[in-house]
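# What the coordinates show
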Amino acid sequence: VTSHDAFRYYGHAYGVQFLPAQGVSTSSEPSAAGVARLIRQIRAEGVRAVFVERLTDPRLVQRVAQEAGVTPSPVPLYSDALSPPGGPAPDYVSLMRHNTRAMVEAIQGRP
């Protein structure tokens, strides 16, 4: 689960299914029915990897995770911007490595 559908390219390339809480745009508000449907899907599929993205408001994803009984990863994903130099994602290759490592660790149940 991610804040919005910024990882569709990654999913297509690597066979990962992402469930976005907000759809494509972070400026749109999801419907109550959409949020409830996402929570049910998380429970039904046993989703363990819930991520807040670096530049998005974390409240929706945190609430969805709480309602679904899942702890969000403490490691944010980078989708729309790089980190400062010296951070975990100062360039595109580092961003991809950081995000992949964070996803694998969350799926495996490691913090």
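Computed from a predicted model, the values in this text were never measured in an experiment. Position numbers for residues count from 1 along each chain, tracking the sequence in the order it is written. Predicted model: local features are reported for residues with pLDDT of at least 70 only, side-chain atom pairs are reported and counted for 80 or more only, and whole-chain, interface and lining totals are derived from all residues. Values reported for side chains reflect all heavy atoms of the structure, with hydrogen atoms and water molecules removed beforehand.

## Observations regarding the nonpolar core
Side chains of a nonpolar character, in soluble globular proteins, are inclined to be buried together. Nine residue types can take part in a nonpolar core, namely buried Ala, Val, Leu, Ile, Met, Phe, Trp, Tyr and Cys, and a core is a set of them joined through side-chain atoms within 4.5 Å. Each residue is placed in one exposure class: buried if its accessible area under a 1.4 Å probe, protein chains only, is under 20% of its type's maximum, exposed if it is over 50%, and partly exposed if it falls in between. Val1, Leu38, Ile42, Val47, Val50 and Val64 are the most contacted members of the largest nonpolar core, which totals 15 residues. When residues of this core are traced back to their parent elements, those giving at least two are helix 2 (32-45) and helix 3 (59-68). Dropping the residues within four chain positions of it, leucine 38 is found in contact with Val1, Leu19, Pro20, Ala21 and Val64. Counting residues in hydrophobic clusters, the runner-up holds 14 residues, among them Phe51, Leu77, Tyr78 and Met96. The way it works is that DSSP assigns letters per residue, a run of H or I at least four long becomes a helix, a run of E at least two long becomes a strand, and they are numbered from the N terminus. In this analysis, two residues are considered to be in contact whenever any of their non-hydrogen atoms come within 4.5 Å of each other.

## Focus: the packing of aromatic side chains
The aromatic pairing rule takes the rings of Phe, Tyr and Trp, using the six-membered ring of Trp, and pairs them if the centres are within 6.5 Å, calling planes under 30 degrees apart stacked, those over 60 edge-to-face and the rest tilted. One pass over the full model with this rule turns up 5 aromatic pairs. For the ring pair tyrosine 10 and tyrosine 14, a centre distance of 4.8 Å and an interplane angle of 50° mean the geometry is tilted. Residue tyrosine 10 and its partner tyrosine 14 are both found in helix 1 (residues 8-14); the two are separated by 4 residues, about one turn of the helix. Owing to a relative accessible area of 6%, tyrosine 10 belongs among the buried residues under this scheme. With relative accessibility at 55%, the residue tyrosine 14 sits in the exposed group.

## Things to note about helix 3
Among all positions in helix 3, only Val61, Val64, Ala65 and Ala68 are buried. The arc that holds the buried residues of helix 3, viewed along the axis, is 100°, so those residues lie on one side. Facing away from the buried side of helix 3 by more than 90 degrees, the exposed set consists of Arg59 and Gln66. Buried residues along helix 3 sit in contact with helix 2. Phi turns positive one or two residues past the end of helix 3, at glycine 69, with a value near 80°. What the arc covers is the set of directions going from the helix axis to the C-beta atoms.

## Some details on the layout of surface pockets
We place a 1 Å grid over just the protein atoms. Points where a 1.4 Å probe fits but has no way out form a cavity, open points with protein on both sides within 12 Å along at least 5 of 7 lines form a pocket, and any residue with an atom within 4 Å of a point lines it. Grid points are joined across faces, edges and corners, and a volume is the space filled by probe spheres set on the points. Counted as a void, the largest pocket has a volume near 250 Å³. Lining the largest pocket are 13 residues, with Val1, Gln17, Val47, Ala49 and Ile107 positioned closest to its centre. Grouping the constituent residues of the lining of the largest pocket by class yields 9 nonpolar, 2 polar and 2 charged. For this classification, Asp, Glu, Lys and Arg are treated as charged, while Ala, Val, Leu, Ile, Met, Phe, Trp, Tyr, Cys and Pro are nonpolar and the rest, including Gly, are polar.

## Some remarks on the side chain of threonine 56
Position of threonine 56 among the secondary structure elements: in the loop between helix 2 and helix 3. A polar contact is formed between the side chain of threonine 56 and the side chain of serine 3, at a distance of 2.9 Å. Among the polar contacts made by the side chain of threonine 56, one reaches the main-chain carbonyl oxygen of glutamate 53 at a distance of 3.2 Å. Polar contacts here mean pairs of N or O atoms no more than 3.5 Å apart (in protein, one a potential hydrogen donor and the other a potential acceptor; neighbouring residues in sequence count only if both atoms are side-chain atoms).

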